[in-house]
Amino acid sequence: MREERVMYIALANNDVPFLVPVFYVWDGTAIYFHSARSGSKIELLKRNNTLCFAISHYGGVVEDALACNFEARHRTVIGLGKAQFINDNQEKIPILQRLMAGFTDRHYAFPEANLQATLVIRIDIESMKGKQHGF
């Protein structure tokens, strides 16, 4: 979970699933992602904050002489949780810095206007399981 950058979250719109990729950071207890203040996923989370998440790493193929024996190296984590909106800028800044650190060594300041335009969402994990193959 610390190595990957993209997570898929599945939300419910009544009986219609909605799946969206997000950049994330995991602190060992909760998962965080950021978003614009409006849009489909935010509206759905406001109505129902329960979500499913999946993080996966594809590590290549283990070839075999028989097609049916081909295997994929992979690691996958799937879980359920509740999304909580973080509104305090002092709490948002370190999370946004950690998100940026996943892509660059540069350090950034976050202007007040940008902080106000950005949501940070914490996923409080209720259950989680993982699978690994070929490593």
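Throughout this document, residue positions are counted from 1 along each chain, in the order its sequence is written. With the structure being a predicted model, the display of local features is reserved for residues of pLDDT at least 70 and the display and counting of side-chain atom pairs for 80 or more, all residues being used for whole-chain, interface and lining totals. To obtain the side-chain values, all non-hydrogen atoms of the structure were included, while hydrogens and water were left out.

1. Regarding the packing of aromatic side chains
Then, number 1: Between the rings of Phe, Tyr and Trp (Trp by its six-membered ring), a pair exists once the centres lie within 6.5 Å; its type follows the angle of the planes, with under 30 degrees stacked, over 60 edge-to-face, and the other angles tilted. This structure, assessed with the given rule, holds one aromatic pair.
Then, number 2: Taking the centre distance of 5.1 Å and the plane angle of 85° together, the rings of F23 and F103 count as edge-to-face. Note that F23 is positioned in strand β2 (residues 16-26) and F103 in the loop between α2 (89-101) and α3 (112-117), a separation of 80 residues in sequence.
Then, number 3: Burial classes follow relative accessibility: with a 1.4 Å probe on protein chains only, a residue under 20% of its type's maximum area counts as buried, one over 50% as exposed, and anything between as partly exposed. Of the residues examined, F23 reaches a relative accessible area of 40% and is grouped as partly exposed. Helix and strand labels come from DSSP, where a helix needs a run of H or I of at least four residues and a strand needs a run of E of at least two; each type is numbered from the N terminus.

2. A few points about the nonpolar core
General note: in soluble globular proteins, nonpolar side chains tend to be found buried as a group.
Then, number 1: We define the nonpolar core as a collection of buried residues of types Ala, Val, Leu, Ile, Met, Phe, Trp, Tyr and Cys that are connected through side-chain atoms lying within 4.5 Å of one another. Judged by nonpolar contacts, the single largest core of 20 residues is most densely connected at M7, I9, I31, F33, L51, F53 and I123.
Then, number 2: For this core, the secondary-structure elements that each account for two or more residues are β1 (6-13), β2, β3 (30-36), α1 (40-47), β4 (50-62), β5 (71-86) and β6 (118-133).
Then, number 3: When residues in this core are grouped by element, the largest group, four residues, is from β2.
Then, number 4: Any pair of residues with heavy atoms lying within 4.5 Å of one another is described as a contacting pair. With residues near it in sequence (within four places) discarded, I123 still touches M7, I9, A30, I31, F33, L51, F53, G81 and K82.
Then, number 5: Counting nine residues, the second largest nonpolar core, distinct from the first, contains Y32, I86, L96 and L115.

3. Regarding α1
Then, number 1: Turning to α1, its buried residues number three or more, namely K41, I42, L44 and L45. The arc that holds every buried residue of α1, seen down its axis, measures 165°, which confines them to one face. Looking at α1, the residues exposed on the side facing more than 90 degrees away from the buried face are K46 and R47.
Then, number 2: Contacts made by the buried residues of α1 are with β1, β2, β3, β4, β5 and β6. The arc in question is traced by the directions running from the helix axis to the C-beta atoms.

4. Some words on the pairing of β3
Then, number 1: Across the seven residues of β3, five count as buried, placing the element largely inside the fold.
Then, number 2: Strand pairing requires that DSSP identify at least two bridges connecting the strands. The sheet contact formed by β2 and β3 spans three bridges and is antiparallel. Across the sheet, the residue bridging to V25 is Y32, located in β3.
Then, number 3: Looking at chain direction, β3 and β6 are connected through seven bridges and run antiparallel. For I31, the partnering residue across the bridge sits in β6 and is I123.

5. What to know about the sheet that holds β1
The strands making up a sheet associate through backbone hydrogen bonding, with each pair oriented either parallel or antiparallel.
Then, number 1: The strand order around the closed barrel built from six strands is β1-β2-β3-β6-β5-β4, with neighbouring strands paired in antiparallel fashion. Pairwise comparison of adjacent strand axes, ignoring direction, gives a mean angle of 40° for this sheet.
Then, number 2: To obtain an axis, a line is fitted to C-alpha atoms, over the contacting stretch when the element is a helix, and the angle between two such axes runs from 0 to 180 degrees between their N-to-C directions. Here α1 sits on the sheet in contact with β1, β2, β3, β4, β5 and β6, set at roughly 55° to β1.

6. Let's talk about α2
Then, number 1: By this rule, a helix spans an expected 1.5 Å times one less than how many residues it contains. End to end, α2 covers 18 Å across 13 residues, agreeing with the expected 18 Å (1.5 Å per residue, within 8%).
Then, number 2: Along its buried surface, α2 packs onto β2, β3, β5, α3 and β6.

7. Considering unusual backbone geometry
Working note: non-glycine residues mostly have negative phi, and peptide bonds are mostly trans.
Then, number 1: Positive phi, close to 60°, is recorded for N14, a residue that is not glycine.
Then, number 2: On the secondary structure map, N14 appears in the loop between β1 and β2.
Then, number 3: A residue is classified by how much of its surface remains accessible, and N14, at 74% relative accessible area, is exposed.

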